[in-house]
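# Secondary and tertiary structure notes
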Amino acid sequence: GIREPRGGQWRVLLTYPFAFDSAVAALTWLFDGHTLHLPDDDRRTDVHYLVEYVRAHRIDYVDTVPVLMTRLLEGGLLDPAHHRPAKVTVGGEAVSGDLWRTLAGSGVEAFNCYGPTECTVDASYARISDGPVTIGGPTPGTRLYVLDHWLRPVAPGVAGELYIAGNGVTRGY
């Protein structure tokens, strides 16, 4: 099964700069009494440093963009011979099929989060598991619609434009 952190307190590694909207979600971990680890700006993408940091500080949760997660996995982030996080989240860009399959078979709980610029952080999320790459379903307080050019809902599996409604949509969109 998925391991839970000691005493319910998570050690969370944030690799996003605070200028990136995804950093906002990580701050909410502090509200629940968890510990947020912030690497220096010049070390935020240093794969060797981050993998060693996760092991040395026994990080439970890593949130990063897919391109960096791919590099971290190549660097041994989820090597079962060492400490590895119990959960990881990727977001901010498209997840490749290879990354999806690797995370699905890793033995850690993994999520894909999606949120376009007009939303505050994430509009959707999916648990990464066997099956196709997906952005999943709406986050709480959000509604997702796939519409045609006439703004009518499309049938399941038909391409269309994603429309988002709810509390997280920025005013004016």
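Each chain has its residues counted from 1, running along the sequence as written. Owing to the predicted nature of the model, reporting of local features is limited to residues with pLDDT of at least 70; listing and counting of side-chain atom pairs is limited to 80 or more, with chain, interface and lining totals taken over all residues. The basis for every side-chain value is the complete set of non-hydrogen atoms in the structure, without hydrogens or water.

### Some words on the packing of helix α2 (residues 47-56) against helix α3 (residues 66-74)
Between α2 and α3, whose axes approach to 9 Å, the crossing angle comes to 70 degrees. One finds that α2 runs roughly perpendicular with respect to α3. Contact residues: V47, L50 and V51 in α2; L68, R71 and L72 in α3. All amino acids are sorted into three groups, where Ala, Val, Leu, Ile, Met, Phe, Trp, Tyr, Cys and Pro are nonpolar, Asp, Glu, Lys and Arg are charged, and the leftover types, Gly among them, are polar. Here the residues of the contact of α2 with α3 sort into five nonpolar, no polar and one charged. Angles run from 0 to 180 degrees between N-to-C directions of axes, and those axes are lines fitted to C-alpha atoms, restricted for helices to the stretch in contact. In this text, helices come from DSSP runs of H or I with a minimum length of four residues, and strands from runs of E with a minimum of two, each type numbered from the N-terminal end. Any angle that falls under 35 degrees is termed roughly parallel, while one over 145 is termed roughly antiparallel, one within 65 to 115 roughly perpendicular, and all others oblique. Here a residue-residue contact requires only that any non-hydrogen atoms of the pair lie within 4.5 Å.

### Thoughts on the side chain of T64
Along the polypeptide, T64 turns up in strand β3 (residues 61-64). On the basis of relative accessibility, which here comes to 1%, the residue T64 falls in the buried class. For this analysis, a polar contact is any N or O atom pair within 3.5 Å, provided that within protein one partner can donate a hydrogen and the other can accept it, and provided that sequence-adjacent residues contribute only side-chain to side-chain pairs. Side chain to side chain, T64 and T15 meet in a polar contact 2.7 Å long. Every residue in contact with T64, bar those within four places of it in the chain, is listed here: T15, Y16, M69, L72, T89, V90 and G91. Exposure categories follow from relative accessible area, calculated using a 1.4 Å probe and restricted to protein chains: below 20% of the type maximum is buried, above 50% is exposed, and the middle band is partly exposed.

### Thoughts on the pairing of strand β6 (residues 124-127)
Of the two faces of β6, the one lined by S124 and A126 is fully buried and the one lined by Y125 and R127 carries no buried residue. Two strands form a pair only when DSSP identifies at least two bridges running between them. Taken together, the four bridges between strand β5 (residues 109-114) and β6 define a ladder with antiparallel strand orientation. Among the inter-strand pairings, Y114 is bridged to a residue of β6, identified as S124. In this structure, β6 lies alongside strand β7 (residues 137-138), joined through two bridges in antiparallel fashion. Note on β7: the bridge partner recorded for Y125 is G137.

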